[in-house]
Amino acid sequence: MSKRIFYLILLAFSLFIYACKKETNIQEAVSTFLGFQKPSNFPEPVYKLENNKLTEAGFLLGRALFYEPRLSRDNTISCGSCHIQTSGFTQHGHDVSHGIDDRLGSRNSPPIMNLAWNKTFMWDGGVFDLDLQPISPITNPVEMDEKVENVLLKLKQMPKYVTLFNRAFGTDEITNARMMKALSQFMVMCVSANSKYDQVMRKENGQTFTTDEQAGYTIFKEKCSNCHSEPLFTDGAFRNNGLAIGPNNDQGRAMATLNPRDDYKFKVPSLRNLSYTAPYMHDGRFLTLSGVLAHYAEEVQATPNLDPLLQQNGKLGISLTADDKLKLLTFLKTLDDKDFVTRKDLAEQ
Amino acid sequence: MKLIYKYVIAIFSLLTVLTACSKKDDVQPASANKATLSLQFDNIVGDRNLQLNTGTYKNASGEQFSVQLLQYFISNIKVKTKDGQEFTVPQDESYFLVKESDGASQFCKVKVPEGDYQTLTFTLGVDSLRNTMDITKRTGVLDPTGGMDDGMYWGWNSGYIFFKMEGTSEQAPIDPTGVRKFRFHIGGFGGYSAPTFNNIKTVTVDLSAAGIARVRAGRESNVHFLVDVMKMFNGKTNISIAANPQVMFSNYSVNVANNFSNMFYHDHTEN
């Protein structure tokens with residue numbers, strides 16, 4: 001009898017210990033901020049992480065700022081308004097970005113994705129440092145139409161931000177540099193590297209391409225990868241891909257360099273997460289990927305500075321059969337990163 | 001025993017060498033006494049004092065205009081004595097934004113060693129290095145927080161605006177806001193990822209004719225410049241408001257910058 005009681009007590013006690021242990025484990029998992037982690041199939045980042053040490057508090061402040069409508073003149077537009085997570089951090093369904101007072105921009109909002117590897121920002125590459133990038137949408141009259149100094153005044157009046165800045169930087173001071181560094185901390189954490197493609201490349205979870213995906217990958221490597229180079233699926237260069245000149249005669253890169261040889265060149269966009277980021281091109285002129293492939297196969301125009309890769313052997317464009325296109329579309333789907341567009345830590349809280 | 005003695009001598013001499021080295025580093029420069037040198041930028045238009053909004057002036061193209069806003073960066077100040085001794089003001093203390101609307105901003109005060117200076121060099125604009133520095137190094141007048149109206153920074157094409165002048169003229173076409181306004185926003189540091197034009201102007205002035213700067217502790221030597229903004233319009237290229245009412249980030253801005261590097265006239269020095 002007493003032996004039984006002893007065993008019962010022992011059992012209860014071990015359950016107790018087990019319960020305790022479990023609890024501490026859960027707490028650890030919640031409070032562990034992993035910081036910036038370079039995916040093993042990615043190159044070294046370009047962003048100078050040594051000038052902006054990533055911390056959990058900095059990231060949380062950056063996330064709050066990213067979703068803060070006070071960044072705009074009338075407190076209606078946040079960064080997240082035109083960079084929506086579920087749309088791969090673009091503005092789904094908008095050809096050009098839709099800003100304050102229903103004003104329209106002239107370009108399609110690009111994704112906040114893998115920016116730590118970007119050498120330049122914007123379609124024309126006018127901005128060369130991620131820490132300086134947010135100034136552009138904040139002050140642009142068709143986006144947020146606000147002054148950065150006003151934003152700082154608004155934030156200073158909110159105890160929430162005084163606390164968040166203090167946690168991130170050690171004092172209550174709210175400055176432009178701190179705001180920009182925190183926004184960068186959030187943005188460089190927006191890493192998309194968990195698509196099926198990535199898992200196949202890293203040999204994770206026993207993932208392999210299907211026959212069609214593999215066939216599409218082979219076509220991709222032969223016909224697309226010169227510009228959309230792996231693993232970021234962009235070479236970061238500025239190229240004219242032969243789009244017919246739009247009604248607003250957007251000269252792209254040349255606006256930032258004033259070099260006529262840059263006329264109509266735009267930054268090569270990544271091919272990751274295309275299922276979430278329609279429409280496509282700098283002005284969002286193509287609603288579907290079939291439209292994009294039709295452009296490359298049949299509609300490339302010989303405008304000034306057309307990329308040499310799109311005019312080989314006296315022929316414009318890329319030769320693609322109907323079957324090639326289907327296989328390419330199948331392969332491109334493997335670049336969708338469901339985890340990236342649903343991750344809770346990147347969402348508005 | 002002998003060997004130990006040798007070692008002792010060796011260590012002793014090594015120590016002597018080391019202390020000698022550290023001693024040498026401790027020697028203070030002779031010109032440690034620093035005093036204030038003030039550079040005054042007094043904006044004029046031709047023969048007249050510049051009066052914001054109310055004054056009207058006529059440029060070489062025969063266009064009447066008035067000025068509503070004028071501001072420009074002065075940076076990287078350097079002084080040189082008669083016998084060639086040069087002192088460069090530490091860069092972090094050497095950026096000033098001169099605004100016509102703010103009298104105090106027209107005096108750029110720096111600390112330099114006591115001495116008699118015959119040559120003064122400064123930059124109109126912001127050097128390319130600072131244009132590409134980490135945002136934490138962009139404090140004070142370099143903090144890119146200004147808005148589209150009075151800011152001195154281009155957000156869409158990263159870089160400082162060096163010189164900004166806006167005003168009205170009957171010869172300017174009506175702009176989208178319904179006024180006849182001209183706007184000159186001149187910048188361009190040469191480009192970061194691709195080469196572009198460079199409008200950074202270095203101005204060197206010989207002070208000997210109108211008075212050298214005698215910098216002494218307890219006094220303030222003030223080098224008084226007259227800055228003739230008419231020279232921005234009239235120069236190698238006569239800038240016409242009617243033909244170029246908006247000059248911003250464009251190749252034409254090089255003509256404006258070539259003109260405005262001649263604006264500075266050393267009138268006198270108060271010692």
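On a predicted model such as this, the values are computed, not experimentally measured, just so you know. (Residues numbered from 1 in each chain as written. Chains lettered and ligands numbered in written order. Predicted model: local features only at pLDDT ≥ 70, side-chain atom pairs only at ≥ 80, totals over all residues.)

Asker: I would appreciate a short explanation of helix α7 (residues 176–188) of chain A in the present structure.
Answerer: Count 3.6 residues to each turn of an α-helix, and residues three or four apart come out pointing the same way. In this model α7(A) runs 18 Å from its N-terminal to its C-terminal C-alpha over 13 residues, within 8% of the 18 Å that 1.5 Å per residue would give. Counted residue by residue, α7(A) has 13 buried out of 13 residues, so it is predominantly covered. (Helix = DSSP H or I, 4+ residues; strand = E, 2+ residues; numbered from the N terminus. Expected span 1.5 Å × (residues − 1). Buried ≥ 20, exposed ≤ 12 C-beta atoms within 10 Å, placed from the backbone.)

Asker: Help me understand the domain arrangement of chain A, please; the structure alone is not making it clear to me.
Answerer: Accessible area lost on assembly of the parts is the figure often given for the size of an interface. All names here are of chain A. Annotation of chain A at the domain level lists domain 1 (49–192 + 342–346) and domain 2 (196–339). Its C-alpha centre places domain 1 at a distance of 27 Å from the equivalent point of domain 2. Residue-level contacts link 26 residues of domain 1 with 27 residues of domain 2. (Domains from an automatic or database assignment. Contact = placed C-beta atoms within 7 Å.)

Asker: Help me understand the interface of chain A and chain B in this model?
Answerer: Each side of the interface is counted separately: chain A has 27 residues, and chain B has 21 residues. Contributing elements (two or more residues each) for the side of chain A that touches chain B: α4 (135–139), α5 (148–156), α7 and α10 (254–257) of chain A. Taken together, the residues of the side of chain A that touches chain B sort by class into eleven nonpolar, ten polar and six charged. (Nonpolar A, V, L, I, M, F, W, Y, C, P; charged D, E, K, R; others polar.)

Asker: Please explain helix α9 (residues 211–223) of chain A as it appears in this structure.
Answerer: Residues and elements named next belong to chain A. Taking 1.5 Å per residue as the helical rise, α9 with its 13 residues ought to reach 18 Å, and the 18 Å between its terminal C-alpha atoms agrees with that figure. If you check which residues of α9 are buried, you get Gly 216, Tyr 217, Ile 219 and Phe 220. Relative to the axis of α9, the buried residues are bounded by an arc of 165° and lie together on one face. With respect to the buried face of α9, the exposed residues turned more than 90 degrees away are Thr 211 and Glu 222. For α9, the elements touching its buried residues are α12 (322–333). (Arc of directions from axis to C-beta.)

Asker: Can you walk me through the pairing of strand β4 (residues 64–81) of chain B in this structure?
Answerer: A regular strand places its side chains on the two faces of the sheet in alternate fashion. Residue and element names in this part refer to chain B. Pairing of strand β3 (residues 57–58) with β4 involves two bridges; the strand directions are antiparallel. Note that in β4 the partner of Lys 58 across the bridge is Gln 64. Where β4 meets strand β6 (residues 95–99), five bridges bridge the pair, whose relative direction is antiparallel. The partner of Phe 73 across the bridge, within β6, is Leu 97. (Pairing = 2+ DSSP bridges.)

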